[in-house]
Every structure is written in structure tokens, then in C-alpha cells.
Amino acid sequence: MAKEPVRVLVTGAAGQIGYALVPMIARGIMLGADQPVILHMLDIPFAAEALNGVKMELIDAAFPLLKGVVATTDVVEGCTGVNVAVMVGGFPRKEGMERKDVMSKNVSIYKSQAAALEKHAAPNCKVLVVANPANTNALILKEFAPSIPEKNITCLTRLDHNRALGQISERLSVPVSDVKNVIIWGNHSSTQYPDVNHAKVQTSSGEKPVRELVKNDEWLNGEFITTVQQRGAAIIKARKLSSALSAASSACDHIRDWVLGTPEGTFVSMGVYSDGSYNVPSGLIYSFPVTCRNGEWSIVQGLPIDEVSRKKMDSTAEELKEEKDLAYSCLS
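For clarity, every value in this text was computed on a predicted model and none was experimentally measured. (Residues numbered from 1 in each chain as written. Predicted model: local features only at pLDDT ≥ 70, side-chain atom pairs only at ≥ 80, totals over all residues. Heavy atoms only, no water.)

Draft legend 1. Structural detail: the sheet that holds strand 7 (residues 179-180). The strand order across the open sheet built from three strands is 7-10-11, with neighbouring strands paired in antiparallel fashion. Two strands bound the open sheet, and with one partner strand each, they are strand 7 and strand 11 (206-209). (Pairing = 2+ DSSP bridges. Helix = DSSP H or I, 4+ residues; strand = E, 2+ residues; numbered from the N terminus.)

What follows is the structure, given as C-alpha cells:
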């Protein structure tokens, strides 16, 4: 029996990340090679013509799994009946803008999109916020879509997680698929903490801790962390454009693992609503190590946290509290 199509919303769909993401979804990379999809692409009126061009290309690509395309600038039409929502659209920070200006623009965008999802999305819709500030945009969305379960509102830190895997893989000259269980703690910003203390590498003689194989704590505690934290800026410098391909790919990874489950013994990083685990203040969207089963994520519990890690985890939580206060001040 063929599966019923899943409706997937991509906001900001005419932008760079959207353009990289929609063919991945249509090809089954996000939800599986046997899962038909109907794509809902939403963007602002200014981008309507470009959005229609993306729709034309999707039709031209003749994706077997793609059972329909809705391309619209109407938020209600975009959100109606969607099962998965990937929120890529947001207001980017421009030169000379204060953080508060960017925050206030994004607060108003996420407040109105939350209201539309609340009223029109399918029950149990899963939401992934990609647009920055991703953690705080997700928090605003949660506030204004109270009927969507808090466990269903997440933000993307899988890009940082994958960047960390990539750095270890390059350093050790091993396939990236042999590296697992790095952790991104906290905010999707330069205060995030990429943690390798629990990471492992598959070798010919079984799994070995990353620290044992790298044999260079100075690199792991210094350059490795800053490279992952600042990778987005490095890509902008190299491409003169922000990372789109890797962001789209990691958004697919995030949703795929959430819906289809993580492999046994592997955990991934997701920005989720804190329940106070690891003494992270509740009421923040914070990146934790999680495992996924049957469409639900769970925070990995009981990992030992050393003093250095504790400080870094607290400092990124502090930044998230400041962002939250700034966002709430924009609301009032």
C-alpha cells in the first residue's frame, strides 16, 4: 500500500536555503525513499515571482515522490494541513543593525506564523526553526502556538553537530560516518559549546573515544571549538553567501532522525524546550543530546559533565536568557 502524502511547509522557500532544501525533500532525503510528499512553499510577496520559478523547476524535475506543490505568499494557505513545518524565512541582520532591531522584526514574523500554524496546521505538526536567532524564534513560536505540543517545536543545531563531526573526521582522516556522539550544547550562535567528551570513532578494533584518538587536548579544547562556532562566518567569507547546502542537508537530517529514529547507540543534537535537564534553566529552547524513537525525541540523561563543560554550558544558557528577555521586550 502506498503511503499517504505528508505535507511539508518550507517558509522562505525562494531563498538560498529553501532552493537547496526543497529538492532534497522532494527526493525523499528528509522523510524516506518511500514517503510521498506535498510541498507547501511560502515566501513574502516581494519573492513571489522567484517562488513561482522554484515551483516550475520542481515540476520540471519530475520527482516521483512529489505529489503536489503549493507555492504561495498567503500564510494561511501555506500552513493549512501541514504535518512538518521547516521555518527558514526570517529577517537577516544587516550591516549597522542593532540586535534589538533584528529581534523585533523576527518576533513579529514568528508571532504571525505561529498564529497561522496554531489555527491551520495538522494536529501534531512537527516544527523546525532554522532562521536566526533560531532558538529564540522557536521560543516565540511556542508562545503563540499554545496548542502545538512544546515537544513539537525545535530549532536547528544539527548543522553545528554535523560541522563538529566533519572537523573530527578531517582531523583523523576517517569517514565522517565513523564518528558519532559529539554534542552541541546551548544556542545556535558563537556561544554554543561543541563537546567531544562523549564522542566515539569506529575503528578496526571497535569504538574508541575521540580524545584518545586525537591525542591533542589543546586542539580539541581550543581551535576545534572555535572552528565549529565560527564556521558560518568562514563560509560567508569564502562564498560571499551564507551556508545553504549544509543548512538544508542538516535540516533534512534533523527531521529524518526525529520522524524515523536515531540508530541504536547514537545521539544527535537538537534545540528543544528545556525541562531542567543538566541544570539548564527550563523555559529556554536549548540544544541537547537526544535520541529519537517513534517520532519522539528524548534528552540523553546521565552524561558526566566536567567543570570546563559546565562553565561553557552555563554561559550559552545565559546568552539565551538575555535573548529571551530582549524578545519579550519587543513583544511589549
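Here the narrative resumes.
Draft legend 2. Unusual backbone geometry, seen in detail. P133 follows N132 through a cis peptide bond whose omega is -5°. Within the fold, P133 resides in the loop between strand 5 (126-129) and helix 5 (134-144). With a phi angle near 55°, K215 is a residue other than glycine that sits in the positive phi range. According to the relative accessible area criterion, K215 is exposed, its value standing at 67%. One non-glycine residue, Y278, lies in positive phi territory at about 55°. Mapping Y278 onto the fold places it in the loop between strand 12 (268-273) and strand 13 (285-293). (Buried < 20%, exposed > 50% of the residue type's maximum accessible area, 1.4 Å probe, protein only.)

Draft legend 3. A look at the UniProt feature "active site" (unreviewed entry) in the protein. Mapped onto the present numbering, the UniProt feature "active site" (unreviewed entry) falls on H188. Tracing the sequence through the fold places H188 in the loop between strand 8 (183-185) and strand 9 (193-195). Take H188: its relative accessible area is 18%, and that puts it in the buried class. Non-local contacts of H188, meaning those with residues more than four positions away in its chain, are made with N132, N135, L156, T157 and D160. (UniProt positions renumbered as here; feature names shortened; annotations may be inferred. Contact = heavy atoms within 4.5 Å.)

Draft legend 4. Structural detail: the UniProt feature "binding site: substrate" (unreviewed entry) in the protein. As annotated by UniProt and renumbered to match this structure, "binding site: substrate" (unreviewed entry) occupies R93, R99, N132 and R163. Across 71 residues in sequence, these annotated residues place their C-alpha atoms as far as 25.4 Å from one another, rather than forming a single compact spot. Looking at the element boundaries, R99 is found in helix 4 (residues 99-120). Owing to a relative accessible area of 36%, R99 belongs among the partly exposed residues under this scheme. Sequence-distant contacts of R99, defined by excluding residues within four places in its chain, comprise R93, E323 and L326. As for its position among the elements, R163 is in helix 6 (residues 158-172).

Draft legend 5. Summary view of the packing of aromatic side chains. Summed over all chains, the structure comprises four aromatic pairs. Plain terms: the ring middles of W185 and F288 are 6.2 Å apart, the flat faces sit at 75° to each other, and that makes the pair edge-to-face. Taken as a pair, W185 in strand 8 and F288 in strand 13 lie far apart in primary sequence, 103 residues in all. When sorted by exposure, W185 lands in the same class as F288, which is buried. Note on Y286 and F288: the rings are 5.0 Å apart at their centroids and 50° apart in plane angle, and the pair reads as tilted. Owing to a relative accessible area of 0%, Y286 belongs among the buried residues under this scheme. By way of ring pairs, the aromatic residues W185, Y278, Y286 and F288 are connected into one cluster. Positioned above the aromatic ring of F91, the side-chain terminus of K105 is 5.3 Å from the ring centre. It is K151 that lies over the ring of W297; its NZ or CZ is 4.4 Å from the centre. (Phe/Tyr/Trp six-rings, centres within 6.5 Å; stacked < 30°, edge-to-face > 60°. Lys NZ or Arg CZ within 6 Å of the ring centre and 35° of its normal.)

Draft legend 6. Region of the structure containing the pairing of strand 5. Neither face of strand 5 is open: one carries K126 and L128, the other V127 and V129, and all of them are buried. When strand 4 (residues 84-87) meets strand 5, the two strands line up parallel, connected through four bridges. By the bridge assignment for strand 5, V84 is matched with K126. Pairing analysis gives three bridges linking strand 5 to strand 6 (residues 153-155), with the strands arranged parallel. The residue bridging V127 from the neighbouring strand is I153, located in strand 6. Crossover strand 5 to strand 6 through helix 5 is right-handed. (Right-handed = clockwise from strand over helix to strand, strands pointing away.)

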